[in-house]
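Examination of the molecular architecture
The lines below spell out each chain.
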Amino acid sequence: MLDPAGNWHPSMWRTLPVKHPTRWASRPVLSTVRDHLRSAPALTTAADVRASFDALAAVSAGDAFVVQAGDCAEPFGSELVRGVAGRDRVIGSMATRLSAVLDKPVVTIGRLAGQFAKPRSKPTEVVDGRELPSFRGLIINGPDFEERSRTPDARRMIAGYYNAKAVFHELHRIAHHNASNLLDLPLLVDPTGTHEVDALRHLGEHSSSRPADGSLSSALAGYGTTRRAAAGWQHRGLWTSHEALVLDYEEPLVRRDQVTGQWYLASTHVPWIGERTRDVDSAHVRFLAGLSNPLACKIGPSADVDEVLRLCAVLDPHREPGRLTLILRMGRAKADERIGAIVSAVRDAGHPVVWMCDPMHGNTIATKSGFKTRRLDDIAAEISSFFHHVRAAGQWPGGIHLEMSPDDVGECLDAGAGPDADVSGSSYETLCDPRLNGSQALVINEIVGDLLAG
Ligand SMILES: O=C[C@H](O)[C@H](O)COP(=O)(O)O
Ligand SMILES: C=C(OP(=O)(O)O)C(=O)O
Ligand SMILES: [Mn+2]
């Protein structure tokens, strides 16, 4: 994806085949939206993207673990912003628990601040004999089964940008709140005075020696990873990630670092390529390949070893720790058969990838009443196969990727649920795929903890 002078450019994906494209209703509106996004402020800073890269490099070296979790498809509006603190809290308690088990930091990443676009198995949906485009996520169309709502409207990308901006604002608010708590509490509660030194050190970290450049990492030292403190492991905020599916949204949010000349995707920290768009010569892979962000790519059961090696060569040509996370999502039935060969081949090719397990997307089933669901038993079994096969290849099982809501939703089936178990419509709230609720996420996290300890 280089021009004759050998340079990558953010718009070059347009010359390549695009999987799961969006047919926007109006080209002139699309063009106005793209101009708006191109001149809109970046949502992330290069400093934070580099900090998230370094954090993932520690995972690739086996010195940390990573928890990535959040909605399948984020909502817009007050529900979105109100939900950030809960996602931070649940992911944070998962991470601090795993840090205590491992005695290592845990990197925390939300599916957050841009997880608004969905590839779907079927382009259309039929209800009572009427056929309309499938719901593709709020940045593309609306969920209501009406022609107007289901028509892709490029103005939704503007709404997506400002919704993401509101989430970043909330992440900053939480970071500043945590920073002030970390400063104040030890001074107030420690009678021996030993933590005072800690607190003063933190004060130094937050004082004018760190530039207030709008970076999350300048708001809170050690942002996006757990840190050991006198009172135990503490969680410090979330990095953001989403599937970079709608390139009409992502491309105008690419920014060039004036100092280094590197291109950064400023819509997120860690963009990923989905299972349905990971063809090595396609637009999505070649677009992300030119960016300096840490990248992730889903790998499902249809991927053969050569395909994965070609992806690694394009996405991680310099074999750089932290650059590439491979998110295996095989499904319980295929995990044992598929994981070992892929991990060994990537190891032998010398790519220091982060190995992550998504035990959700290969385990989706339909209940008798037609709801999409996932069984905790299948999720646990796939995680356990992942640990076994990654370790058998001498590699570090570096992370877990979950679809999760902190709320009391009933979308996945509890451990031990029988063959006829169903979910109830009243607590089924997801916009797309079934999520673990907060307590189910903690159950799965204990299983991960046991595997890490074992
Ligand atoms: O989140 C992932 C996909 O968009 C989702 O699993 C597809 O679901 P579908 O099979 O209902 O289209
Ligand atoms: C679309 C998703 O997953 P996959 O690409 O693995 O199917 C997702 O993570 O929501
Ligand atoms: Mn999903």
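A brief look at the structure comes next. Just so we're clear, the structure is a prediction, and the values are computed from it rather than from any experiment.

1. Here we look at the site of ligand 2
The full set close to ligand 2 counts 13 residues, and Lys 118, Glu 275, Arg 276, Lys 298 and Arg 329 are the nearest of them. For ligand 2, an oxygen atom lies 3.0 Å from a polar atom in the side chain of His 361. Its free accessible area being 300 Å², ligand 2 has 99% of it covered by the protein chains. Applying the majority rule of atoms within 2 Å of the grid points places ligand 2 in the largest pocket. In terms of residue class, the shell around ligand 2 is built from three nonpolar, two polar and eight charged.

2. What to know about the site of ligand 1
What surrounds ligand 1 is the set Cys 72, Lys 118, Pro 119, Arg 120, Ser 121, Arg 276, His 361, Lys 372 and Asp 433. Taking Pro 119, its main chain carries an N or O atom lying 2.5 Å from an oxygen atom of ligand 1. Measuring from an oxygen atom of ligand 1, one finds a side-chain N or O atom of Lys 372 at 2.7 Å. Protein chains bury 83% of the 340 Å² of accessible surface belonging to ligand 1 in isolation. Using a 2 Å cut-off from the grid points, one finds that ligand 1 occupies the largest pocket. Among the residues forming the shell around ligand 1, the class breakdown is two nonpolar, two polar and five charged.

3. Re the coordination of the manganese ion (ligand 3)
Here the manganese ion (ligand 3) is held by the protein donor atoms Cys 72 (SG), His 361 (NE2), Glu 403 (OE) and Asp 433 (OD), which lie 2.2 to 2.5 Å from it. Around the manganese ion (ligand 3) sit six donor atoms; with metal-centred angles ranging over 73 to 173°, the donor geometry is irregular. Within one chain, the residues donating to the manganese ion (ligand 3) are spaced in sequence as C-x288-H-x41-E-x29-D. Of the two residues, Cys 72 is situated in the loop between strand S1 (65-70) and helix H3 (78-102) and Asp 433 in the loop between strand S16 (397-403) and helix H13 (438-453); the sequence distance between them amounts to 361 residues. Residue Cys 72 shares its accessibility class with Asp 433, and that shared class is buried.

4. Overview of helix H10 (residues 305-315)
Listed in full, the buried residues belonging to H10 are Val 308, Leu 311, Cys 312, Val 314 and Leu 315. Mapping the buried residues of H10 onto a view down its axis gives an arc of 165°, with all of them on the same face. Check the buried side of H10 and you find it contacts strand S10 (270-273), helix H9 (283-289), strand S11 (295-299), strand S12 (324-328) and helix H11 (332-348). Measuring from the backbone nitrogen of Asp 306 back to the side-chain oxygen at the start of H10 gives 3.3 Å, which picks out Asp 304 as the cap.

5. Quick notes on the environment of Lys 298
Secondary-structure assignment places Lys 298 in strand S11. As a C-alpha pair, Lys 298 and Met 330 span 32 residues in sequence and 9.6 Å in three-dimensional space. Of note is the side chain of Lys 298, whose polar atom sits 2.8 Å from the side chain of Asp 358.

Conventions we followed
Residues numbered from 1 in each chain as written. Chains lettered and ligands numbered in written order. Predicted model: local features only at pLDDT ≥ 70, side-chain atom pairs only at ≥ 80, totals over all residues. Heavy atoms only, no water. Near = heavy atom within 4 Å. Polar contact = N/O pair within 3.5 Å; in protein donor to acceptor, adjacent residues only side chain to side chain. Areas by Shrake-Rupley, 256 points an atom, 1.4 Å probe, with all protein chains shown as cover. 1 Å grid on protein atoms, 1.4 Å probe; cavity = no way out; pocket = protein on both sides within 12 Å on 5 of 7 lines; lining within 4 Å. Sits in = over half its atoms within 2 Å of the grid points. Nonpolar A, V, L, I, M, F, W, Y, C, P; charged D, E, K, R; others polar. Donors = N, O, S within 2.8 Å, 3.2 Å for Na, K, Ca; no water. Tetrahedral: all angles 85-135°; square planar, octahedral: opposite > 155°, others 65-115°. Helix = DSSP H or I, 4+ residues; strand = E, 2+ residues; numbered from the N terminus. Buried < 20%, exposed > 50% of the residue type's maximum accessible area, 1.4 Å probe, protein only. Arc of directions from axis to C-beta. Contact = heavy atoms within 4.5 Å.

None of this, on its own, says anything about what the molecule does.
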